[in-house]
Amino acid sequence: MSIYLDNAATSYPKPREVADAVYNFMVNNGTSSGRGSYQKAMESDFLIYNTRKEIASLFNFNDPKKVIFTSNITEALNMAIKGILKRGDHVITSSLEHNAVWRCLKTLEKEINISITKIDANKEGYTNIKDIEENIKDNTSLIVFTQASNVLGTIQPIKDIGAIARRYKIPFLVDAAQSAGVLPIDVKEDNIDILAFTGHKSLLGPMGTGGLLINCEYNIEPLKVGGTGGDSAYEYQPNYYPNKLETGTLNVSGIIGLGEAVKFIKNKGIINIHNKEKELVRYALDKLKSVNNIQIYGPQDSDKIVSVISFNIKNTMAEEIAYTLDNKYNIMVRAGLHCAPSAHDLIGTKDIGTLRIGIGYFNEREDIDILVRALNEIQI
Ligand SMILES: Cc1ncc(COP(=O)(O)O)c(C=O)c1O
């Protein structure tokens with residue numbers, strides 16, 4: 001038996017309905033969407049539109065046309081950041097960002113001379129919203145924050161940050177990679193202008209899916225231009241959504257699978273999913289504390305984090321433990337910096353990284369028990 005505890009990287013297993021939907025589409029339809037006018041292509045259009053509607057309603061958004069599909073959240077974040085920022089602009093971000101945001105900003109700093117203010121979170125991994133307001137400048141053109149850290153799990157005060165952004169009329173972009181599908185998100189209530197999501201983590205959909213929800217009128221220049229299936233004689237990118245930002249053949253089978261995943265989440269109830277994961281996190285924190293020589297990072301409070309726990313075992317390299325867990329115990333966890341180097345500055349682990357478990361909806365207490373037993377045995 002193998003135990004998968006790397007759901008923060010990608011969720012596994014997926015609901016059966018998701019795999020079935022992908023398979024059925026590939027075997028029984030297989031046509032592109034937004035391209036043909038024959039019946040199967042129309043069906044494909046309909047299924048894609050249904051996923052736009054499912055995604056929109058999950059986040060309490062009422063304009064499915066402004067749900068833009070991309071291949072993952074990295075592409076979605078690049079699209080929003082590069083589509084908004086211009087030469088000489090200023091951007092405010094957090095010290096918990098994944099490289100999907102951070103490398104994008106650093107590249108623009110080099111290429112078009114943007115300036116970046118990184119707001120340091122405290123040692124527990126929380127941002128003080130006062131620091132954001134104090135750093136707003138005349139040329140601040142974007143605030144981009146991850147909703148939940150992929151190293152510490154800490155949940156940021158998105159609604160309050162969004163309120164500040166609204167007051168200063170600055171676009172507010174949220175990286176919901178670790179939160180969408182497990183934390184209830186309401187783009188209106190939470191003052192989110194642009195929500196970036198990835199389909200394959202807590203949304204339980206296939207890899208190769210993700211996107212943006214554009215809850216604002218700020219202009220976003222397209223990241224790519226090309227065929228959209230319509231307006232073909234027009235020589236420029238159309239200026240209406242979703243075609244303005246969605247170019248090239250979509251991952252139709254993946255998006256249909258994502259639609260089924262969102263239905264699965266709605267049927268289970270996102271609160272029930274969140275509660276189950278929260279209970280597993282509480283259980284895991286409690287059990288992990290008993291492991292010899294363990295140092296757990298972050299607030300160690302299941303109400304304050306998503307299902308991500310980082311830790312180290314004193315005097316043993318994280319990679320070594322992850323290797324033994326995999327090879328001797330069939331337990332899959334992640335070791336390293338998790339593509340978020342500045343989060344490690346906060347907890348002093350930039351040189352050594354951490355072991356990270358990402359608990360998912362399909363994990364059970366027994367998985368944690370087996371992990372804890374293995375961690376103790378490894379040290380004997
Ligand atoms: C907070 C955060 N942002 C962005 C990403 C990138 O996700 P993807 O590889 O799906 O683009 C991840 C994935 O680990 C993440 O945890």
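Residues numbered from 1 in each chain as written. Predicted model: local features only at pLDDT ≥ 70, side-chain atom pairs only at ≥ 80, totals over all residues. Heavy atoms only, no water.

## Examining helix α2 (residues 39-58)
Turning to step 1, where the next piece is worked out: Taking 1.5 Å of rise per residue, the 20 residues of α2 would be expected to cover 28 Å, and the 29 Å separating its terminal C-alpha atoms lies within 8% of that figure.
Turning to step 2, where the next piece is worked out: Restricting attention to buried positions, one finds in α2 the residues Ala 41, Ser 44, Ile 48, Thr 51, Arg 52, Glu 54, Ile 55, Ala 56 and Leu 58.
Turning to step 3, where the next piece is worked out: Among the structural elements, α1 (16-28), β2 (67-70), β7 (194-198), β8 (210-214), α7 (252-268) and α8 (270-288) are those in contact with the buried residues of α2.
Turning to step 4, where the next piece is worked out: Among the residues trailing α2, Asn 60 stands out with phi positive, at a value near 50°. (Helix = DSSP H or I, 4+ residues; strand = E, 2+ residues; numbered from the N terminus. Expected span 1.5 Å × (residues − 1). Buried < 20%, exposed > 50% of the residue type's maximum accessible area, 1.4 Å probe, protein only. Contact = heavy atoms within 4.5 Å.)

## Focus on the packing of α8 against helix α11 (residues 365-378)
Turning to step 1, where the next piece is worked out: One way to put it is that α8 packs onto α11 with a least axis distance of 10 Å and a crossing angle of 20°. Comparing the axis directions of α8 and α11 gives the class roughly parallel. Judged by the sense of rotation from one axis to the other, the crossing of α8 with α11 is right-handed. Seen from α8, the contacting residues are Glu 279, Leu 280, Arg 282, Tyr 283, Ala 284, Lys 287 and Leu 288; seen from α11, they are Arg 365, Ile 368, Asp 369, Leu 371, Val 372 and Leu 375.
Turning to step 2, where the next piece is worked out: Of the residues in the contact of α8 with α11, the class split is eight nonpolar, no polar and five charged. (Axes fitted to C-alpha atoms, helices over the stretch in contact; angles between N-to-C directions. Parallel < 35°, antiparallel > 145°, perpendicular 65-115°, else oblique. Left-handed = near helix turned anticlockwise from the far one by under 90°. Nonpolar A, V, L, I, M, F, W, Y, C, P; charged D, E, K, R; others polar.)

## With respect to the site of the ligand
Turning to step 1, where the next piece is worked out: The environment of the ligand is made up of 13 residues, and the closest members are Thr 74, Asp 175, Thr 198, His 200 and Lys 201.
Turning to step 2, where the next piece is worked out: Between the ligand and the protein, one listed contact pairs an oxygen atom with a side-chain N or O atom of His 98 at 3.4 Å.
Turning to step 3, where the next piece is worked out: At a separation of 2.7 Å, an oxygen atom of the ligand approaches a polar side-chain atom of His 200.
Turning to step 4, where the next piece is worked out: Compared with its free state, where it exposes 400 Å², the ligand has 89% of that area covered by protein. (Near = heavy atom within 4 Å. Polar contact = N/O pair within 3.5 Å; in protein donor to acceptor, adjacent residues only side chain to side chain. Areas by Shrake-Rupley, 256 points an atom, 1.4 Å probe, with all protein chains shown as cover.)

## Structural notes on the sheet that holds strand β6 (residues 172-175)
Turning to step 1, where the next piece is worked out: Strand order in the open sheet made by the seven strands is β2-β8-β7-β6-β5-β3-β4, with mixed pairing throughout. Edge positions in the open sheet fall to β2 and β4 (115-119), since each of these has one partner strand only. Across the sheet, the axes of successive neighbouring strands diverge by a mean angle of 20°, strand direction being ignored.
Turning to step 2, where the next piece is worked out: The pairing of β2 with β8 spans four bridges and is classified as antiparallel. Bridge assignment links Thr 70 to a residue of β8, and that residue is Gly 210.
Turning to step 3, where the next piece is worked out: Across the sheet, helix α4 (residues 99-112) touches β3 (90-94), β4, β5 (140-146) and β6, and the angle it forms with β4 is around 150°. (Pairing = 2+ DSSP bridges.)

## Some remarks on the packing of aromatic side chains
Turning to step 1, where the next piece is worked out: Counted according to the given criterion, the structure contains six aromatic pairs.
Turning to step 2, where the next piece is worked out: Here Tyr 4 and Tyr 12 contribute two aromatic rings whose centre-to-centre distance is 5.6 Å and whose plane-to-plane angle is 75°, an arrangement assigned as edge-to-face.
Turning to step 3, where the next piece is worked out: Since its relative accessible area comes to 54%, Tyr 12 is described here as exposed.
Turning to step 4, where the next piece is worked out: Ring plane angle 75° and centroid distance 5.2 Å describe the contact between Tyr 361 and Phe 362, whose orientation is recorded as edge-to-face.
Turning to step 5, where the next piece is worked out: Tyr 361 sits in the buried class, given a relative accessible area of 16%.
Turning to step 6, where the next piece is worked out: A relative accessible area of 33% places Phe 362 in the partly exposed class. (Phe/Tyr/Trp six-rings, centres within 6.5 Å; stacked < 30°, edge-to-face > 60°.)

## Regarding the environment of Ile 158
Turning to step 1, where the next piece is worked out: Checked against the element boundaries, Ile 158 lands in helix α6 (residues 158-167).
Turning to step 2, where the next piece is worked out: The exposure class assigned to Ile 158 is buried, which follows from its relative accessible area of 3%.
Turning to step 3, where the next piece is worked out: Considering only alpha carbons, one finds Ile 158 and Phe 172, 14 residues apart in sequence, at a separation of 9.5 Å.
Turning to step 4, where the next piece is worked out: With near-sequence residues (within four places) excluded, Ile 158 lies in contact with Phe 145, Thr 146, Gln 147, Phe 172, Val 174, Asp 190 and Ile 192.

## Quick notes on the UniProt feature "domain: Aminotransferase class V" (unreviewed entry) in the chain
Turning to step 1, where the next piece is worked out: As recorded in UniProt, the sites labelled "domain: Aminotransferase class V" (unreviewed entry) are residues 3-371.
Turning to step 2, where the next piece is worked out: For residues 3-371, the end-to-end C-alpha separation is 9 Å, with 37% helix and 15% strand making up the annotated structure. (UniProt positions renumbered as here; feature names shortened; annotations may be inferred.)

## Let's talk about the nonpolar core
Turning to step 1, where the next piece is worked out: Ranked by size, the top nonpolar core spans 52 residues in total, and within it Phe 59, Ile 143, Leu 195 and Leu 213 carry the most contacts.
Turning to step 2, where the next piece is worked out: Sorting elements by how many residues they give to this core places α7 first, with eight residues.
Turning to step 3, where the next piece is worked out: The two domains that each donate at least three residues to this core are domain 1 (3-12 + 269-378) and domain 2 (16-268).
Turning to step 4, where the next piece is worked out: Other than its neighbours up to four places away in sequence, Leu 195 contacts Phe 59, Val 174, Ala 176, Ile 185, Val 187, Gly 211, Leu 212 and Leu 213.
Turning to step 5, where the next piece is worked out: Counting 32 residues, the second largest nonpolar core, distinct from the first, contains Phe 311, Leu 355, Leu 371 and Ala 374. (Core = buried A, V, L, I, M, F, W, Y, C linked by side-chain atoms within 4.5 Å. Domains from an automatic or database assignment.)

## Description of the side chain of Thr 247
Turning to step 1, where the next piece is worked out: Relative to the assigned elements, Thr 247 resides in the loop between β8 and α7.
Turning to step 2, where the next piece is worked out: Polar contacts involving the side chain of Thr 247 include one to the side chain of Gln 237, which spans 2.7 Å.
Turning to step 3, where the next piece is worked out: Residue contacts for Thr 247: discarding those within four places in its chain leaves Lys 224, Val 225, Gly 226, Gly 227, Thr 228 and Gln 237.

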